[in-house]
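This is what each chain is made of:
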Amino acid sequence: MIKKWQQLKALLAAKNSGNLGDFAILKSDLLGAKVAPEVADKLRSVEGYYPPIDLEKLSQYPQGSFGREYAEHMQINHLQPLNISPELDDVAKRNVFGLRYVVTHDIFHVLLGFDTSYAGEIGVLAFAAAQNYSNALKISLWLAKLLYSLLAPQQVKAIFANLQKGRELGNKAEFLLGYRFEDHWQEPIKNVREHLGLRPNLS
């Protein structure tokens with residue numbers, strides 16, 4: 001109980017500070033999403049790996065590069081990378097799944113070709129569920145399918161289309177959550193997608 005209270009205090013402090021990266025990783029740590037042992041094994045290569053993302057620097061990379069595409073996506077949608085403070089290094093090392101899922105969410109949007117609408121969000125969630133990251137994501141997908149259709153009835157057709165596309169991509173692609181995306185910003189995004197076995201939804 002004491003530990004949960006300390007986690008909640010840290011979570012509220014991060015929210016008040018405006019640091020969305022810290023807030024997201026602390027929230028994930030508090031909720032404690034469980035992952036299967038085989039998933040944990042695949043994440044060993046990214047334990048303690050959370051290099052800061054500098055959108056200004058990435059926006060100067062060549063057109064068509066992975067980093068430039070990511071920076072443009074973030075700027076167009078008025079988003080900021082979920083960078084993690086060094087002070088949370090122990091949390092990041094303890095909760096590798098939560099860390100990578102938080103940090104890579106917008107990266108997935110870019111690589112998969114899904115926008116940030118409800119339909120786009122469910123495409124990314126369907127992909128993650130198909131990759132078997134955790135049972136919690138499968139439950140979240142089931143809830144999102146119901147909730148998003150109610151919140152955005154005009155997107156119902158796109159929601160179910162992206163649900164299928166996300167699943168198909170997730171079943172065919174490599175295990176994305178353990179990939180060090182941040183080491184490949186300067187590469188052409190086409191090459192990154194091909195390496196990961198992705199045929200993104202770019203229609």
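Only a predicted model underlies this, so the values are computations on that prediction, with no experimental measurement involved.

Turning next to the side chain of asparagine 95. Here asparagine 95 is to be found in the loop between helix 6 (89-94) and helix 7 (96-112). Polar side-chain contacts of asparagine 95 include one of 2.9 Å to the backbone nitrogen of glycine 98.

A cluster of nonpolar residues, Ile139, Trp142, Leu143 and Leu146, forms a patch on the protein surface that exposes about 430 Å² of accessible area. Mapping isoleucine 139 onto the fold places it in helix 9 (residues 135-151).

With 17 residues, helix 7 should reach 24 Å at 1.5 Å per residue; the first-to-last C-alpha distance of 22 Å fits that figure. A bend of about 50° at histidine 105 is the largest found in helix 7. Counting buried positions along helix 7 gives 15 out of 17 residues, so the element sits mostly inside the fold. Backbone geometry just after helix 7 places glycine 113 at a positive phi near 80°.

Between helix 8 (residues 118-130) and helix 9, whose axes approach to 9 Å, the crossing angle comes to 165°. For the element pair helix 8 / helix 9, the angle class is roughly antiparallel. Once helix 8 is placed against helix 9, the crossing between them reads as left-handed. Contacts between helix 8 and helix 9 involve Tyr118, Glu121, Ile122, Leu125, Ala126, Ala128 and Ala129 from the first element and Leu137, Lys138, Ser140, Leu141, Ala144, Lys145, Tyr148 and Leu151 from the second. Looking at side-chain class alone, the contact of helix 8 with helix 9 contains 11 nonpolar, one polar and three charged residues.

Following the sequence through the fold, histidine 73 ends up in helix 5 (residues 66-76). We classify histidine 73 as buried; its relative accessible area is 13%. Beyond its immediate sequence surroundings of up to four residues, histidine 73 is in contact with Leu79, Asp106, His109, Val110 and Thr116.

A turn of α-helix holds 3.6 residues, and therefore any two residues three or four places apart point the same way. Residues of helix 11 (residues 189-196) that are buried include every one of Ile189, Val192, Arg193 and Leu196, and no others. The arc enclosing the buried residues of helix 11, seen along the axis, measures out at 95°, which places them on a common side. Relative to its buried face, helix 11 has exposed residues pointing more than 90 degrees away, namely Lys190, Glu194 and His195. In this fold, the buried residues of helix 11 make contact with helix 5 and helix 7.

Definitions and cut-offs
- Residues numbered from 1 in each chain as written.
- Predicted model: local features only at pLDDT ≥ 70, side-chain atom pairs only at ≥ 80, totals over all residues.
- Heavy atoms only, no water.
- Helix = DSSP H or I, 4+ residues; strand = E, 2+ residues; numbered from the N terminus.
- Polar contact = N/O pair within 3.5 Å; in protein donor to acceptor, adjacent residues only side chain to side chain.
- Patch = residues over 30% accessible without salt bridge, like charges linked within 9 Å, V, L, I, M, F, W, Y side chains within 5 Å.
- Areas by Shrake-Rupley, 256 points an atom, 1.4 Å probe, with all protein chains shown as cover.
- Salt bridge = Lys/Arg side-chain N within 4 Å of Asp/Glu carboxyl O.
- Expected span 1.5 Å × (residues − 1).
- Bend = angle between axes of the 7 residues up to and from the residue.
- Buried < 20%, exposed > 50% of the residue type's maximum accessible area, 1.4 Å probe, protein only.
- Axes fitted to C-alpha atoms, helices over the stretch in contact; angles between N-to-C directions.
- Parallel < 35°, antiparallel > 145°, perpendicular 65-115°, else oblique.
- Left-handed = near helix turned anticlockwise from the far one by under 90°.
- Contact = heavy atoms within 4.5 Å.
- Nonpolar A, V, L, I, M, F, W, Y, C, P; charged D, E, K, R; others polar.
- Arc of directions from axis to C-beta.

Honestly, that's just the spatial picture; any functional story needs more than this.
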